[in-house]
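Reading the structure
Next come the chains, spelled out residue by residue.
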Amino acid sequence: MINIALDGPSGAGKSTVARRAAEIFDFVYIDTGAMFRSLALKALDTSVDIVSDHDAVVSMLNNTSLDICRKDGQQHMILDGVDVTGKIRTPEVSKAASDIAIIPAVREWVLKAERALARKYDCIMDGRDIGTCVLPNADVKIFLTASAEARAQRRHRELIEKGIDTSFDEVLSEMKYRDKQDCEREVSPLRMSEDAHLADTTELNLEESVDLVCSIIRKVIN
């Protein structure tokens, strides 16, 4: 199996770029961020206190099923048998996902699911610690990033297009909060693997970003 690890901060476009690259190479796309977001959504919906009641989070995990399916060319997250794809991209869920991702039991739960999928498929997997922790022996490692302002502008535009009323300042604040949480957490902090290829897309549009990532993949696997 060929495994490609795509890491980077929130809003860097990892999901979109990874999805497009997976289509180009005919690989399976695994959105690990969506897995954490789905768990965060369940915690919010069931009033589980993610920050102060980790025992309740663990109890929730023991009664949770999470699956991935493709429909209309898109990845869909199936949480306890329900498609939650359209509910996991709000600022509230984003913040909760960052909080729940620092809990060791949660990371262990998701890690097992991620590695099982990587053993089964040629895949592109994106997240915060794929190249450093989840798939340390990945064939290709890429660190996709951009300035916080550029990432916030992209995310704000995406939310507005989806009809979610939020301000740029709110999105930027949430982005910086997630960056701090992801980089400072004790378990698998966000960092660039020593053998990863840096892909800075601050000045690039989507197509240029996809081209950059695909060129790195081709160079390595060929």
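What about unusual backbone geometry?
Although it is not a glycine, Asp-26 adopts a positive phi angle of roughly 60°. Along the chain, the position of Asp-26 falls in the loop between helix 1 (14-25) and strand 2 (28-31). Residues other than glycine seldom take positive phi values, yet Ser-47 does so here, at roughly 60°. Counting through the fold element by element, Ser-47 comes out in the loop between helix 2 (32-45) and helix 3 (54-61). The exposure class of Ser-47 is exposed, given its relative accessible area of 69%.

Some words on the sheet that holds strand 7 (residues 140-145)
Sheets are built from strands that pair by backbone hydrogen bonding, the pairs being arranged parallel or antiparallel. With parallel pairing, five strands are arranged side by side in an open sheet as 2-6-1-7-8. Every other strand in the sheet has two partners, leaving strand 2 and strand 8 (197-200) as the edge strands with one partner each. Taking the axes of each pair of neighbouring strands and ignoring which way they run, one obtains an average angle of 20° across the sheet. In this sheet, strand 8 lies alongside strand 7 in parallel orientation, the contact comprising four bridges. Counted as the bridge partner of Thr-145 is Asp-200 from strand 8. The strands touched by helix 2 within the sheet are strand 2 and strand 6 (123-127), with strand 2 carrying the most contacts at an inclination of about 40°. Strand contacts of helix 9 (residues 206-221): strand 1 (3-7), strand 6, strand 7 and strand 8, with the helix running at about 160° to strand 7, the strand carrying the most contacts.

Some thoughts on the layout of surface pockets
Each pocket or cavity is described by its volume, and for the largest pocket that value is around 1100 Å³. In terms of lining, the largest pocket is formed by 50 residues, of which the most central are Ser-15, Thr-16, Arg-89, Arg-155 and Glu-158. By residue class, the composition of the lining of the largest pocket is 13 nonpolar, 18 polar and 19 charged. Considering only enclosed or pocket space, the second largest pocket measures out at about 200 Å³ in volume. As for the second largest pocket, its lining consists of Val-28, Tyr-29, Ile-30, Met-35, Leu-66, Asp-67, Ile-68, Cys-69, Arg-70, Ala-113, Leu-117 and Tyr-121.

Things to note about the sheet that holds strand 3 (residues 66-71)
Spatial strand order, 3-4-5: three strands in an open sheet with antiparallel pairing. Strand pairing shows two members of the sheet lacking a second neighbour, strand 3 and strand 5 (82-83), which therefore form its edges. Where strand 3 lies against strand 4 (residues 74-79), six bridges are found, and the strand directions are antiparallel. Bridge pairing in strand 4 links Ile-68 to Met-77. Relative to strand 4, helix 2 is tilted by about 35°, and along the sheet it contacts strand 3 and strand 4.

Section: the packing of helix 3 against helix 5 (residues 104-120)
At their nearest, the axes of helix 3 and helix 5 sit 9 Å apart, and the two run at 20° to each other. As summarised for this structure, helix 3 and helix 5 are arranged roughly parallel, according to the angle between their axes. Crossing handedness for the pair helix 3 and helix 5: left-handed. Counted together, Val-57, Val-58 and Leu-61 of helix 3 and Ala-105, Val-106 and Trp-109 of helix 5 form the full contact between these two elements.

About the thresholds
Residues numbered from 1 in each chain as written. Predicted model: local features only at pLDDT ≥ 70, side-chain atom pairs only at ≥ 80, totals over all residues. Heavy atoms only, no water. Helix = DSSP H or I, 4+ residues; strand = E, 2+ residues; numbered from the N terminus. Buried < 20%, exposed > 50% of the residue type's maximum accessible area, 1.4 Å probe, protein only. Pairing = 2+ DSSP bridges. Axes fitted to C-alpha atoms, helices over the stretch in contact; angles between N-to-C directions. Contact = heavy atoms within 4.5 Å. 1 Å grid on protein atoms, 1.4 Å probe; cavity = no way out; pocket = protein on both sides within 12 Å on 5 of 7 lines; lining within 4 Å. Points joined across faces, edges and corners; volume = space filled by probe spheres on them. Nonpolar A, V, L, I, M, F, W, Y, C, P; charged D, E, K, R; others polar. Parallel < 35°, antiparallel > 145°, perpendicular 65-115°, else oblique. Left-handed = near helix turned anticlockwise from the far one by under 90°.

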